[in-house]
Amino acid sequence: MKKIISLIVAVFVCSASCLFAQNNLAYKYRAQMLPMFLDYVQIDSMSDNDAEWMTPGQEKMAARLEQDIQKIIKGKNDFHLHVSADKYIYVNIDSNLKKHTAPVLGISAHYDTTPDIIGKNIHPQVIKRYDGTPIKLKNGHVIHPYDNPHLENLLGASIVTSDGTTNLGADDKAGVTIVMTLLKTLAENSNMPHGPIQIVITPNEDVGRSAERLELAYYHPDYAFDFDGGVNGEVIVGNFSADRILVTAQGVNGHQSYAATNGYKNSVKPVADLVAVANKTQDLPNYSRGEKGYLEPHHISYDASKNTHTIDFRARYFDKQEGERYLADIQHAADSLSKALDVAMTVQVIKQYENVEYGVKPEAKQLITAAMKQAGVVPDFKKERAGTTSAMIMALHGFGGYTVFTGQANPHNFTEWLSEYDMFKAYEVALNLVKEVAQMKAEPAK
(Lines give C-alpha, C1' and ligand atoms only; values in the text may rest on other atoms or scores of the structure.)
Protein backbone atom coordinates (compact mmCIF):
# COMPACT_ATOMS: atom_id res chain seq x y z
CA MET A 1 0.00 0.00 0.00
CA LYS A 2 2.85 2.39 0.85
CA LYS A 3 4.39 1.71 -2.57
CA ILE A 4 1.08 2.49 -4.31
CA ILE A 5 0.67 5.73 -2.34
CA SER A 6 4.26 6.72 -3.11
CA LEU A 7 3.69 6.01 -6.80
CA ILE A 8 0.50 8.12 -6.85
CA VAL A 9 2.30 10.99 -5.10
CA ALA A 10 5.23 10.73 -7.53
CA VAL A 11 2.89 10.87 -10.53
CA PHE A 12 1.04 13.86 -9.05
CA VAL A 13 4.27 15.71 -8.32
CA CYS A 14 5.58 14.96 -11.82
CA SER A 15 2.34 16.15 -13.45
CA ALA A 16 2.28 19.31 -11.36
CA SER A 17 5.93 20.09 -12.04
CA CYS A 18 5.49 19.49 -15.78
CA LEU A 19 2.49 21.81 -15.86
CA PHE A 20 4.37 24.42 -13.82
CA ALA A 21 7.32 24.19 -16.22
CA GLN A 22 5.02 24.66 -19.21
CA ASN A 23 3.32 27.66 -17.58
CA ASN A 24 6.75 29.15 -16.88
CA LEU A 25 7.66 28.59 -20.52
CA ALA A 26 4.50 30.38 -21.67
CA TYR A 27 5.11 33.40 -19.43
CA LYS A 28 8.63 33.67 -20.83
CA TYR A 29 7.11 34.61 -24.20
CA ARG A 30 4.24 36.81 -22.99
CA ALA A 31 6.20 40.06 -23.08
CA GLN A 32 7.03 39.49 -26.78
CA MET A 33 3.44 39.10 -27.90
CA LEU A 34 2.01 42.60 -27.55
CA PRO A 35 4.89 44.36 -29.38
CA MET A 36 4.58 41.77 -32.18
CA PHE A 37 0.85 42.37 -32.42
CA LEU A 38 1.25 46.17 -32.49
CA ASP A 39 3.82 45.81 -35.27
CA TYR A 40 1.66 43.53 -37.40
CA VAL A 41 -1.54 45.58 -37.18
CA GLN A 42 0.25 48.59 -38.66
CA ILE A 43 0.84 46.67 -41.90
CA ASP A 44 -2.10 47.26 -44.23
CA SER A 45 -3.24 43.79 -45.33
CA MET A 46 -6.86 44.45 -46.29
CA SER A 47 -8.35 41.93 -48.68
CA ASP A 48 -10.62 43.01 -51.55
CA ASN A 49 -13.83 41.41 -52.81
CA ASP A 50 -13.09 42.61 -56.33
CA ALA A 51 -9.43 41.58 -56.51
CA GLU A 52 -8.54 38.65 -58.76
CA TRP A 53 -6.62 37.24 -55.79
CA MET A 54 -4.06 39.18 -53.74
CA THR A 55 -3.92 42.83 -52.74
CA PRO A 56 -0.52 44.58 -52.54
CA GLY A 57 -1.03 44.92 -48.79
CA GLN A 58 -1.51 41.19 -48.37
CA GLU A 59 1.63 40.54 -50.41
CA LYS A 60 3.53 42.89 -48.10
CA MET A 61 2.19 41.10 -45.01
CA ALA A 62 3.02 37.68 -46.47
CA ALA A 63 6.57 38.80 -47.24
CA ARG A 64 6.99 40.08 -43.69
CA LEU A 65 5.73 36.84 -42.15
CA GLU A 66 7.97 34.79 -44.42
CA GLN A 67 10.95 36.88 -43.35
CA ASP A 68 10.10 36.53 -39.66
CA ILE A 69 9.61 32.77 -39.94
CA GLN A 70 12.91 32.32 -41.75
CA LYS A 71 14.65 34.02 -38.81
CA ILE A 72 12.78 31.88 -36.28
CA ILE A 73 13.54 28.52 -37.90
CA LYS A 74 17.03 29.27 -39.20
CA GLY A 75 19.20 26.18 -38.78
CA LYS A 76 16.24 23.98 -37.81
CA ASN A 77 16.21 21.05 -40.20
CA ASP A 78 12.96 19.69 -38.75
CA PHE A 79 11.03 22.90 -39.58
CA HIS A 80 9.92 23.22 -43.20
CA LEU A 81 8.67 26.54 -44.57
CA HIS A 82 6.70 26.67 -47.81
CA VAL A 83 5.15 29.85 -49.21
CA SER A 84 2.92 29.01 -52.14
CA ALA A 85 2.49 31.09 -55.28
CA ASP A 86 -0.89 32.11 -53.82
CA LYS A 87 0.84 33.33 -50.62
CA TYR A 88 -0.37 30.68 -48.23
CA ILE A 89 2.32 30.37 -45.58
CA TYR A 90 2.91 26.80 -44.41
CA VAL A 91 5.26 25.50 -41.73
CA ASN A 92 5.43 21.73 -41.30
CA ILE A 93 7.27 20.53 -38.19
CA ASP A 94 8.59 16.98 -37.88
CA SER A 95 7.73 14.96 -34.78
CA ASN A 96 10.46 14.62 -32.15
CA LEU A 97 8.76 11.71 -30.39
CA LYS A 98 10.82 8.52 -30.10
CA LYS A 99 8.42 5.90 -28.72
CA HIS A 100 5.23 6.40 -30.70
CA THR A 101 3.65 8.17 -33.67
CA ALA A 102 1.22 10.94 -32.73
CA PRO A 103 -1.61 12.37 -34.86
CA VAL A 104 -0.98 15.51 -36.91
CA LEU A 105 -1.96 18.73 -35.15
CA GLY A 106 -3.09 21.60 -37.37
CA ILE A 107 -2.97 25.27 -36.35
CA SER A 108 -4.25 28.06 -38.60
CA ALA A 109 -4.90 31.81 -38.71
CA HIS A 110 -5.35 34.42 -41.45
CA TYR A 111 -3.31 37.53 -42.13
CA ASP A 112 -5.74 39.60 -44.17
CA THR A 113 -8.10 42.14 -42.60
CA THR A 114 -11.61 43.03 -43.66
CA PRO A 115 -12.32 45.27 -46.66
CA ASP A 116 -15.57 46.37 -44.97
CA ILE A 117 -13.91 49.11 -42.94
CA ILE A 118 -10.74 51.22 -43.14
CA GLY A 119 -7.73 49.07 -42.25
CA LYS A 120 -4.73 51.16 -43.26
CA ASN A 121 -2.83 53.83 -41.34
CA ILE A 122 -3.83 52.09 -38.11
CA HIS A 123 -2.71 53.84 -34.94
CA PRO A 124 -3.09 51.31 -32.11
CA GLN A 125 -3.60 52.62 -28.60
CA VAL A 126 -2.60 50.60 -25.53
CA ILE A 127 -4.50 51.11 -22.28
CA LYS A 128 -2.14 49.46 -19.83
CA ARG A 129 -4.38 49.34 -16.76
CA TYR A 130 -7.98 49.40 -17.84
CA ASP A 131 -10.14 51.09 -15.17
CA GLY A 132 -13.61 49.93 -16.21
CA THR A 133 -14.83 53.17 -17.76
CA PRO A 134 -16.05 53.68 -21.37
CA ILE A 135 -13.15 53.98 -23.82
CA LYS A 136 -13.55 57.10 -25.96
CA LEU A 137 -12.07 57.12 -29.45
CA LYS A 138 -12.00 59.68 -32.25
CA ASN A 139 -15.05 60.50 -34.38
CA GLY A 140 -17.39 59.91 -31.46
CA HIS A 141 -16.78 56.16 -31.22
CA VAL A 142 -17.02 54.71 -27.72
CA ILE A 143 -16.35 51.22 -26.40
CA HIS A 144 -18.95 50.79 -23.65
CA PRO A 145 -18.61 48.10 -20.97
CA TYR A 146 -22.36 47.37 -21.18
CA ASP A 147 -21.93 46.44 -24.87
CA ASN A 148 -18.74 44.52 -24.07
CA PRO A 149 -19.40 42.64 -20.79
CA HIS A 150 -16.02 40.85 -20.83
CA LEU A 151 -14.38 44.21 -20.07
CA GLU A 152 -15.64 43.81 -16.50
CA ASN A 153 -13.24 40.85 -16.17
CA LEU A 154 -10.29 42.87 -17.41
CA LEU A 155 -9.88 45.59 -14.77
CA GLY A 156 -6.17 46.39 -14.52
CA ALA A 157 -5.40 44.47 -17.72
CA SER A 158 -4.03 45.80 -21.02
CA ILE A 159 -6.56 46.68 -23.72
CA VAL A 160 -5.63 47.70 -27.28
CA THR A 161 -7.87 49.79 -29.54
CA SER A 162 -7.49 51.80 -32.73
CA ASP A 163 -7.75 55.58 -32.47
CA GLY A 164 -11.29 55.39 -33.87
CA THR A 165 -10.50 56.35 -37.47
CA THR A 166 -9.87 52.74 -38.57
CA ASN A 167 -10.49 49.22 -37.37
CA LEU A 168 -7.75 47.60 -35.27
CA GLY A 169 -7.01 44.47 -37.30
CA ALA A 170 -7.10 42.12 -34.31
CA ASP A 171 -9.14 39.96 -36.69
CA ASP A 172 -6.90 38.12 -37.27
CA LYS A 173 -3.54 39.68 -36.39
CA ALA A 174 -4.20 38.38 -32.86
CA GLY A 175 -4.35 34.84 -34.27
CA VAL A 176 -1.22 35.46 -36.33
CA THR A 177 0.61 36.67 -33.22
CA ILE A 178 -0.43 33.53 -31.33
CA VAL A 179 0.71 31.24 -34.15
CA MET A 180 4.04 33.05 -34.60
CA THR A 181 4.72 32.94 -30.85
CA LEU A 182 3.91 29.23 -30.75
CA LEU A 183 6.27 28.65 -33.67
CA LYS A 184 9.03 30.57 -31.92
CA THR A 185 8.46 28.62 -28.71
CA LEU A 186 8.77 25.28 -30.50
CA ALA A 187 11.87 26.37 -32.40
CA GLU A 188 13.65 27.61 -29.30
CA ASN A 189 12.70 24.67 -27.06
CA SER A 190 13.62 21.58 -29.04
CA ASN A 191 13.30 19.36 -25.95
CA MET A 192 9.56 20.03 -25.75
CA PRO A 193 7.82 16.80 -26.88
CA HIS A 194 5.56 17.22 -29.89
CA GLY A 195 4.14 15.17 -32.70
CA PRO A 196 3.93 16.29 -36.32
CA ILE A 197 2.52 19.82 -36.60
CA GLN A 198 1.14 21.60 -39.65
CA ILE A 199 0.70 25.37 -39.54
CA VAL A 200 -0.95 27.52 -42.20
CA ILE A 201 -1.51 31.28 -42.27
CA THR A 202 -3.91 32.13 -45.06
CA PRO A 203 -4.88 35.15 -47.15
CA ASN A 204 -8.40 36.24 -48.12
CA GLU A 205 -10.39 34.90 -45.17
CA ASP A 206 -12.40 38.09 -44.88
CA VAL A 207 -13.64 37.72 -48.45
CA GLY A 208 -14.54 34.05 -47.95
CA ARG A 209 -11.66 32.59 -49.95
CA SER A 210 -9.16 31.34 -47.38
CA ALA A 211 -9.64 27.68 -48.29
CA GLU A 212 -9.88 28.22 -52.04
CA ARG A 213 -6.24 27.53 -52.92
CA LEU A 214 -5.18 25.55 -49.86
CA GLU A 215 -2.65 22.80 -50.69
CA LEU A 216 -3.45 19.58 -48.83
CA ALA A 217 0.13 18.37 -49.25
CA TYR A 218 1.08 20.95 -46.61
CA TYR A 219 -2.08 21.22 -44.52
CA HIS A 220 -4.31 18.22 -43.91
CA PRO A 221 -4.10 17.53 -40.17
CA ASP A 222 -5.92 14.98 -38.04
CA TYR A 223 -7.01 17.66 -35.57
CA ALA A 224 -7.39 21.24 -36.78
CA PHE A 225 -7.72 24.36 -34.62
CA ASP A 226 -8.19 27.80 -36.15
CA PHE A 227 -7.15 30.74 -33.98
CA ASP A 228 -9.62 33.40 -35.09
CA GLY A 229 -12.23 33.55 -32.32
CA GLY A 230 -13.33 36.08 -29.72
CA VAL A 231 -12.71 36.41 -25.99
CA ASN A 232 -13.28 34.68 -22.67
CA GLY A 233 -12.74 31.07 -23.72
CA GLU A 234 -15.01 31.15 -26.77
CA VAL A 235 -14.70 28.08 -29.00
CA ILE A 236 -16.83 27.70 -32.13
CA VAL A 237 -17.70 24.00 -32.38
CA GLY A 238 -20.40 24.27 -35.04
CA ASN A 239 -21.59 26.72 -37.65
CA PHE A 240 -24.08 27.28 -40.42
CA SER A 241 -23.61 25.39 -43.62
CA ALA A 242 -24.04 27.91 -46.43
CA ASP A 243 -25.22 27.22 -49.98
CA ARG A 244 -25.95 29.49 -52.90
CA ILE A 245 -28.67 27.85 -54.96
CA LEU A 246 -28.84 29.43 -58.42
CA VAL A 247 -31.91 28.70 -60.54
CA THR A 248 -31.74 29.97 -64.13
CA ALA A 249 -34.70 30.24 -66.48
CA GLN A 250 -33.76 30.24 -70.16
CA GLY A 251 -35.96 32.55 -72.22
CA VAL A 252 -36.33 32.57 -76.02
CA ASN A 253 -36.00 35.84 -77.95
CA GLY A 254 -38.76 37.10 -80.21
CA HIS A 255 -41.34 39.83 -80.55
CA GLN A 256 -43.72 39.57 -77.60
CA SER A 257 -46.73 40.57 -79.75
CA TYR A 258 -46.31 37.39 -81.80
CA ALA A 259 -45.22 35.11 -78.96
CA ALA A 260 -48.09 32.72 -79.61
CA THR A 261 -46.57 31.77 -82.98
CA ASN A 262 -42.86 32.73 -82.94
CA GLY A 263 -41.71 30.64 -79.98
CA TYR A 264 -40.90 33.58 -77.63
CA LYS A 265 -40.45 32.49 -74.01
CA ASN A 266 -40.51 34.81 -71.01
CA SER A 267 -37.84 34.06 -68.39
CA VAL A 268 -39.13 36.32 -65.58
CA LYS A 269 -42.33 34.51 -64.63
CA PRO A 270 -40.64 31.12 -64.01
CA VAL A 271 -38.29 32.55 -61.38
CA ALA A 272 -41.05 34.69 -59.87
CA ASP A 273 -43.33 31.68 -59.54
CA LEU A 274 -40.43 29.64 -58.17
CA VAL A 275 -39.99 32.04 -55.23
CA ALA A 276 -43.69 31.87 -54.44
CA VAL A 277 -43.84 28.08 -54.62
CA ALA A 278 -40.47 26.96 -53.19
CA ASN A 279 -39.68 29.59 -50.54
CA LYS A 280 -42.12 29.17 -47.68
CA THR A 281 -42.72 32.18 -45.45
CA GLN A 282 -41.73 30.28 -42.30
CA ASP A 283 -38.33 29.51 -43.88
CA LEU A 284 -37.36 33.19 -44.27
CA PRO A 285 -34.52 34.61 -42.11
CA ASN A 286 -37.04 36.60 -40.04
CA TYR A 287 -38.25 33.35 -38.48
CA SER A 288 -34.81 31.84 -37.88
CA ARG A 289 -33.03 31.81 -34.55
CA GLY A 290 -30.86 29.43 -32.55
CA GLU A 291 -30.11 26.36 -34.65
CA LYS A 292 -32.99 26.82 -37.08
CA GLY A 293 -31.81 27.59 -40.59
CA TYR A 294 -33.35 29.71 -43.31
CA LEU A 295 -33.85 30.03 -47.06
CA GLU A 296 -33.85 33.48 -48.63
CA PRO A 297 -34.42 34.60 -52.22
CA HIS A 298 -31.48 37.00 -52.16
CA HIS A 299 -31.63 38.66 -55.60
CA ILE A 300 -32.54 38.17 -59.26
CA SER A 301 -30.10 38.91 -62.10
CA TYR A 302 -30.81 39.32 -65.82
CA ASP A 303 -28.45 38.50 -68.69
CA ALA A 304 -29.81 40.24 -71.78
CA SER A 305 -27.29 38.60 -74.11
CA LYS A 306 -28.61 35.15 -73.16
CA ASN A 307 -32.19 36.14 -72.27
CA THR A 308 -31.92 34.48 -68.87
CA HIS A 309 -33.13 35.40 -65.40
CA THR A 310 -31.38 33.82 -62.42
CA ILE A 311 -32.72 33.74 -58.88
CA ASP A 312 -30.00 33.52 -56.21
CA PHE A 313 -31.23 31.71 -53.08
CA ARG A 314 -29.14 31.73 -49.89
CA ALA A 315 -29.60 28.61 -47.75
CA ARG A 316 -28.26 28.42 -44.19
CA TYR A 317 -28.63 25.42 -41.87
CA PHE A 318 -26.99 23.41 -39.09
CA ASP A 319 -28.89 20.20 -39.86
CA LYS A 320 -28.09 18.44 -43.14
CA GLN A 321 -31.67 17.24 -43.49
CA GLU A 322 -32.94 20.81 -43.32
CA GLY A 323 -30.56 21.83 -46.11
CA GLU A 324 -31.60 18.83 -48.18
CA ARG A 325 -35.25 19.86 -47.78
CA TYR A 326 -34.57 23.39 -49.04
CA LEU A 327 -32.85 22.04 -52.13
CA ALA A 328 -35.49 19.38 -52.76
CA ASP A 329 -38.28 21.99 -52.58
CA ILE A 330 -36.46 24.20 -55.09
CA GLN A 331 -35.62 21.34 -57.44
CA HIS A 332 -39.19 19.99 -57.39
CA ALA A 333 -40.67 23.45 -58.06
CA ALA A 334 -38.18 24.14 -60.86
CA ASP A 335 -38.97 20.82 -62.56
CA SER A 336 -42.72 21.43 -62.31
CA LEU A 337 -42.57 25.02 -63.56
CA SER A 338 -40.22 24.13 -66.37
CA LYS A 339 -42.75 21.59 -67.60
CA ALA A 340 -45.81 23.81 -67.06
CA LEU A 341 -44.33 26.93 -68.69
CA ASP A 342 -42.24 25.09 -71.29
CA VAL A 343 -39.11 27.00 -70.22
CA ALA A 344 -35.76 25.34 -69.52
CA MET A 345 -34.69 25.76 -65.89
CA THR A 346 -31.40 24.66 -64.33
CA VAL A 347 -30.45 24.37 -60.67
CA GLN A 348 -26.85 24.91 -59.53
CA VAL A 349 -25.58 24.56 -55.94
CA ILE A 350 -22.46 26.44 -54.84
CA LYS A 351 -21.15 25.30 -51.46
CA GLN A 352 -19.81 28.36 -49.59
CA TYR A 353 -19.03 26.80 -46.22
CA GLU A 354 -19.97 23.69 -44.29
CA ASN A 355 -20.76 22.92 -40.67
CA VAL A 356 -17.47 21.76 -39.11
CA GLU A 357 -19.39 19.34 -36.89
CA TYR A 358 -19.74 17.08 -39.93
CA GLY A 359 -15.97 16.58 -40.15
CA VAL A 360 -14.53 16.89 -36.64
CA LYS A 361 -13.25 13.83 -34.79
CA PRO A 362 -14.91 13.30 -31.39
CA GLU A 363 -11.59 13.58 -29.52
CA ALA A 364 -11.20 17.22 -30.64
CA LYS A 365 -13.53 18.51 -27.93
CA GLN A 366 -11.67 16.55 -25.28
CA LEU A 367 -8.36 17.96 -26.50
CA ILE A 368 -9.43 21.60 -26.44
CA THR A 369 -11.17 21.15 -23.08
CA ALA A 370 -8.03 19.72 -21.49
CA ALA A 371 -5.80 22.39 -23.07
CA MET A 372 -8.02 25.20 -21.81
CA LYS A 373 -8.40 23.71 -18.33
CA GLN A 374 -4.61 23.60 -17.97
CA ALA A 375 -4.47 27.27 -18.98
CA GLY A 376 -7.07 28.16 -16.36
CA VAL A 377 -9.70 29.01 -18.97
CA VAL A 378 -13.32 27.86 -18.84
CA PRO A 379 -14.44 26.72 -22.34
CA ASP A 380 -17.42 28.56 -23.79
CA PHE A 381 -18.57 26.27 -26.59
CA LYS A 382 -20.75 28.00 -29.15
CA LYS A 383 -22.40 27.40 -32.48
CA GLU A 384 -21.96 30.26 -34.92
CA ARG A 385 -24.69 31.47 -37.26
CA ALA A 386 -21.98 32.32 -39.77
CA GLY A 387 -18.87 30.80 -41.35
CA THR A 388 -15.20 30.46 -40.40
CA THR A 389 -11.95 29.47 -42.12
CA SER A 390 -12.52 25.95 -40.78
CA ALA A 391 -16.01 25.98 -42.32
CA MET A 392 -14.56 26.99 -45.70
CA ILE A 393 -12.00 24.17 -45.47
CA MET A 394 -14.78 21.77 -44.50
CA ALA A 395 -16.79 22.74 -47.59
CA LEU A 396 -13.90 22.26 -50.01
CA HIS A 397 -11.80 19.52 -48.42
CA GLY A 398 -14.05 17.64 -46.00
CA PHE A 399 -12.25 18.04 -42.67
CA GLY A 400 -13.44 20.33 -39.91
CA GLY A 401 -11.85 22.18 -37.05
CA TYR A 402 -12.77 24.29 -34.06
CA THR A 403 -12.26 28.06 -34.00
CA VAL A 404 -10.51 29.16 -30.81
CA PHE A 405 -10.63 32.51 -29.00
CA THR A 406 -7.76 34.97 -29.60
CA GLY A 407 -8.67 38.09 -27.59
CA GLN A 408 -10.28 40.00 -30.48
CA ALA A 409 -13.61 41.74 -29.91
CA ASN A 410 -15.96 43.84 -32.09
CA PRO A 411 -14.35 42.76 -35.39
CA HIS A 412 -15.08 44.77 -38.56
CA ASN A 413 -15.75 47.86 -36.48
CA PHE A 414 -14.17 51.17 -35.49
CA THR A 415 -14.62 49.97 -31.90
CA GLU A 416 -12.67 46.74 -32.40
CA TRP A 417 -10.44 45.99 -29.40
CA LEU A 418 -8.00 43.39 -28.12
CA SER A 419 -7.56 41.83 -24.70
CA GLU A 420 -3.85 41.19 -24.23
CA TYR A 421 -4.66 38.75 -21.42
CA ASP A 422 -6.96 36.68 -23.64
CA MET A 423 -4.43 36.67 -26.47
CA PHE A 424 -1.79 35.33 -24.09
CA LYS A 425 -4.17 32.71 -22.69
CA ALA A 426 -5.02 31.57 -26.22
CA TYR A 427 -1.28 31.10 -26.90
CA GLU A 428 -1.06 29.05 -23.71
CA VAL A 429 -3.97 26.93 -24.96
CA ALA A 430 -2.12 26.37 -28.26
CA LEU A 431 0.96 25.28 -26.32
CA ASN A 432 -1.17 22.87 -24.29
CA LEU A 433 -2.73 21.45 -27.46
CA VAL A 434 0.77 20.54 -28.66
CA LYS A 435 1.33 18.63 -25.43
CA GLU A 436 -2.08 16.93 -25.46
CA VAL A 437 -1.84 15.70 -29.05
CA ALA A 438 1.73 14.49 -28.48
CA GLN A 439 0.40 12.07 -25.85
CA MET A 440 -2.00 10.45 -28.33
CA LYS A 441 -1.24 7.60 -30.69
CA ALA A 442 -2.01 8.02 -34.37
CA GLU A 443 -4.59 5.72 -35.90
CA PRO A 444 -3.08 2.96 -38.08
CA ALA A 445 -3.01 3.82 -41.79
CA LYS A 446 -5.86 2.23 -43.72
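This text follows the structure it describes.
Residues numbered from 1 in each chain as written. Predicted model: local features only at pLDDT ≥ 70, side-chain atom pairs only at ≥ 80, totals over all residues. Heavy atoms only, no water.

1. Overview of the overall build of the chain
Assigned secondary structure in the chain consists of nine helices and 18 strands. The proportion of buried residues among the 446 residues of the chain is 51%. Residue pairs in contact within the chain that sit at least 24 positions apart in sequence constitute 80% of those at least 6 positions apart. Of the roughly 20,800 Å² of accessible surface on the chain, a fraction of 52% belongs to carbon and sulfur atoms. (Helix = DSSP H or I, 4+ residues; strand = E, 2+ residues; numbered from the N terminus. Buried < 20%, exposed > 50% of the residue type's maximum accessible area, 1.4 Å probe, protein only. Contact = heavy atoms within 4.5 Å. Areas by Shrake-Rupley, 256 points an atom, 1.4 Å probe, with all protein chains shown as cover.)

2. Here we look at helix α7 (residues 363-374)
Within an α-helix, residues lying three or four positions from one another point in the same direction, as the helix has 3.6 residues per turn. Taking 1.5 Å per residue, 12 residues should reach 16 Å; α7 reaches 17 Å between its end C-alpha atoms and fits that length. After α7 finishes, the residue Gly376 shows a positive phi value of roughly 75 degrees. (Expected span 1.5 Å × (residues − 1).)

3. Section: the pattern of salt bridges
Evaluated as defined, the whole model comprises 22 salt bridges. For the salt bridge of Asp283 with Arg325, the shortest nitrogen-to-oxygen distance reads 3.2 Å. Of this pair, Asp283 sits in the loop between α5 (268-278) and β12 (294-303) while Arg325 sits in helix α6 (residues 320-341), and the two are 42 residues apart along the sequence. Residue class for Arg325 comes out partly exposed when judged on its relative accessible area of 33%. (Salt bridge = Lys/Arg side-chain N within 4 Å of Asp/Glu carboxyl O.)

4. Description of the nonpolar core
Within the largest apolar cluster, 91 residues are counted, with the highest numbers of intra-cluster contacts made by Phe37 and Phe225. Once you skip the residues sitting within four places of it in the chain, Phe37 turns out to touch Val160, Leu168, Ala170, Lys173, Ala174, Thr177, Leu418 and Met423. Counting residues in hydrophobic clusters, the runner-up holds 18 residues, among them Ile245, Ala249, Val271 and Leu337. (Core = buried A, V, L, I, M, F, W, Y, C linked by side-chain atoms within 4.5 Å.)

5. Regarding the sheet that holds strand β4 (residues 125-127)
Spatially, four strands are ordered β4-β7-β18-β17 in an open sheet, and the strand pairing comes out antiparallel. Edge positions in the sheet fall to β4 and β17 (408-409), since each has one partner strand and no second. Pairing geometry for β17 and strand β18 (residues 417-419), over two bridges, is antiparallel. Across the sheet, the residue bridging to Ala409 is Trp417, located in β18. (Pairing = 2+ DSSP bridges.)

6. With respect to the side chain of Asp226
Here Asp226 is to be found in strand β9 (residues 223-229). As a buried residue without a salt bridge, Asp226 has its nearest oppositely charged side chain in Lys173, at a separation of 15 Å. Excluding anything up to four places from it in sequence, Asp226 contacts Ser108, Ala109, Thr389, Ser390, Tyr402, Thr403 and Val404. (Lys, Arg positive; Asp, Glu negative; His and termini not counted.)

7. Things to note about the packing of aromatic side chains
All chains considered together, the criterion is met by nine aromatic pairs. For the ring pair Tyr90 and Tyr218, a centre distance of 5.2 Å and an interplane angle of 35 degrees mean the geometry is tilted. With a gap of 128 residues between them, Tyr90 in strand β2 (residues 89-93) and Tyr218 in the loop between β8 (197-202) and β9 connect regions that are remote in the sequence. Given the relative accessible area of 26%, Tyr218 is considered partly exposed. With a centroid separation of 6.2 Å and 45 degrees between ring planes, the pair formed by Phe424 and Tyr427 is classed as tilted. A residue pair is termed a helical-turn pair when its members lie 3 or 4 positions apart in one helix, as Phe424 and Tyr427 do in helix α9 (residues 420-438) at three residues. For Phe424, a relative accessible area of 0% translates into the label buried. Tyr427 sits in the buried class, given a relative accessible area of 0%. By the ring-pair criterion, three or more aromatic residues cluster together here, those being Trp53, Tyr88, Tyr90 and Tyr218. (Phe/Tyr/Trp six-rings, centres within 6.5 Å; stacked < 30°, edge-to-face > 60°.)

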